[in-house]
Protein chains: 2
Amino acid sequence: MDKEEKMGVEDQLEMVAKAFVNHYYHLFDTNRAALAPLYHHTSMLSFEGQKIQGAEEIGQKLAQLPFEHCRHFISTIDSQPSPFGGGILVFVSGNLQLQGEEHQLKFSQMFQLIPTQHGSFFVQNDMFRLNYG
Amino acid sequence: MDKEEKMGVEDQLEMVAKAFVNHYYHLFDTNRAALAPLYHHTSMLSFEGQKIQGAEEIGQKLAQLPFEHCRHFISTIDSQPSPFGGGILVFVSGNLQLQGEEHQLKFSQMFQLIPTQHGSFFVQNDMFRLNYG
């Protein structure tokens, strides 16, 4: 039995969550236009309280954010299984550095990832908030 | 058709989320021992990275936190429907004042509420993080 087979469900969940977080923020910081395919037409984004539904609309919202470049620094990643449909809840906190800004902004964000028929995941739920001082 | 009947699903969701948040933090700040019944034996808490499962265990953890009194000040409440089982995702940010401490601590927390057969909700998922400076 190799190491991979011995991994518990919880380890697998954390591995998916970490891989997703790395992938998501790497895309966000290097090629925001490539984020839209991570969402489906049913997906929901709450961005600083603004609600947006659908992959295309969410992609447009993220592409049109009023800054060109940013960098996310991740502080914590928590994950739990959702009770239905094989979903994974991912809860992230960290700092966000906008180009040309001296200070970093604290943020927190949660995702629900839902498995696809092809063995990957899409983002069904996404809620983002800056944590002001 | 009265006002209540005209309410959309989204409004109802937000109403449940706000009522839950008010109830949860009121109990937390006035009678922490009364929080356990909000959870089920399947419930999960991730508290500053520590994972705890089950209503009784979660209740003990919350009761044993190393401070007697605290007060939560809520800044934002976001909510979205979970795609399965009628769940509601609730995402909270705010400040936490511990008794005898001068400074408030920023926190964020997410819950998944699942409907019961009796028309109320229980907390299936709970992830809490302090947002350090």
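Structure's up top.
Overview of the structure. Remember, it's a predicted structure, so these values are computed and weren't measured experimentally.

1. Some words on the relation of the copies chain A and chain B
And then number 1: Aligned on chain B, chain A shows an RMSD of 0.0 Å; the corresponding rotation is 180° and the shift along the axis is 0.0 Å. When the rotation and shift are considered jointly, the pair of chain copies conforms to a two-fold rotation axis. Closest approach to the rotation axis within chain A is made by the C-alpha atom of A:Phe84, at a distance of 3.0 Å.
And then number 2: Of all interface residues in chain A, 100% are interface residues in chain B too; the two copies therefore contact each other through one and the same surface.

2. Quick notes on the environment of B:Leu98
Residue and element names in this part refer to chain B.
And then number 1: When you line up the elements, Leu98 lands in strand β4 (residues 88–98).
And then number 2: Judged by relative accessible area, which is 17%, Leu98 ranks as buried.
And then number 3: Between the C-alpha atoms of Leu98 and Glu68, which are 30 residues apart in sequence, the distance is 8.3 Å.
And then number 4: Contact partners of Leu98, with chain neighbours within four places excluded, come to Phe67, His69, Cys70 and Leu105.

3. Things to note about the packing of aromatic side chains
In this description, a pair of aromatic rings is defined by centroid distance and the angle of the planes.
And then number 1: Counted under the stated rule, the structure contains 19 aromatic pairs over all chains.
And then number 2: Relative to A:Phe128, the ring of A:Phe107 has its centre 5.8 Å away and its plane inclined at 20°; by these criteria the two rings are stacked. Of this pair, A:Phe107 sits in strand β5 (residues 105–115) while A:Phe128 sits in strand β6 (residues 121–130), placing them 21 residues apart in sequence.
And then number 3: Its relative accessible area of 5% is what places A:Phe128 among the buried residues.
And then number 4: Ring centres of B:Tyr24 and B:Tyr25 lie 5.1 Å apart, and the angle between their planes is 80°; on these two criteria the pair is classed as edge-to-face. Each of the two residues, B:Tyr24 as well as B:Tyr25, counts as buried.
And then number 5: Each member of the aromatic cluster is reached from another via a ring pair, and the members are A:Phe20, A:Tyr24, A:Tyr25, A:Phe28, A:Phe47, A:Phe107, A:Phe111 and A:Phe128.

4. Thoughts on the interface of chain A and chain B
And then number 1: In this complex, chain A contributes 35 residues to the contact, which on the side of chain B involves 35 residues.
And then number 2: Summed over both sides, the interface of chain A with chain B buries roughly 2900 Å², with 61% coming from carbon and sulfur.
And then number 3: Considering only the side of chain A, the residues that lose the most area to chain B are A:Gln80, A:Phe91 and A:Met127, jointly responsible for 22% of the buried surface there.
And then number 4: Joining chain A to chain B, the criterion identifies six salt bridges.
And then number 5: Between A:Arg129 and B:Asp78 there is a salt bridge, and its shortest N-O distance comes to 2.7 Å.
And then number 6: Applying the counting rule to chain A against chain B returns 21 residue pairs in polar contact (both at pLDDT 80 or more).
And then number 7: Of all elements in the fold, only α2 (9–30), β1 (39–47), β3 (70–81), β4 (88–98), β5 and β6 of chain A reach the threshold of two or more residues within the side of chain A that touches chain B.

5. Some thoughts on the sheet that holds β4(B)
Residue and element names in this part refer to chain B.
And then number 1: Pairing is mixed in the open sheet, where six strands are placed in the order β2-β1-β6-β5-β4-β3. At either margin of the open sheet sits one strand with a lone partner, and together these are β2 (50–53) and β3 (70–81). Sheet twist, expressed as the mean angle between neighbouring strand axes with direction ignored, is 15°.
And then number 2: The pairing of strand β1 (residues 39–47) with β2 spans four bridges and is antiparallel. Bridging from a neighbouring strand, Leu45 pairs with Ile52 of β2.
And then number 3: The strands that helix α3 (residues 55–63) touches are β1 and β2; relative to β1, the one it contacts most, it runs at about 40°.

Calculation rules
- Residues numbered from 1 in each chain as written.
- Chains lettered and ligands numbered in written order.
- Predicted model: local features only at pLDDT ≥ 70, side-chain atom pairs only at ≥ 80, totals over all residues.
- Heavy atoms only, no water.
- Least-squares fit on C-alpha atoms with pLDDT ≥ 70 in both.
- Contact = heavy atoms within 4.5 Å.
- Helix = DSSP H or I, 4+ residues; strand = E, 2+ residues; numbered from the N terminus.
- Buried < 20%, exposed > 50% of the residue type's maximum accessible area, 1.4 Å probe, protein only.
- Phe/Tyr/Trp six-rings, centres within 6.5 Å; stacked < 30°, edge-to-face > 60°.
- Buried area = accessible area lost by both parts, 1.4 Å probe.
- Salt bridge = Lys/Arg side-chain N within 4 Å of Asp/Glu carboxyl O.
- Polar contact = N/O pair within 3.5 Å; in protein donor to acceptor, adjacent residues only side chain to side chain.
- Pairing = 2+ DSSP bridges.
- Axes fitted to C-alpha atoms, helices over the stretch in contact; angles between N-to-C directions.

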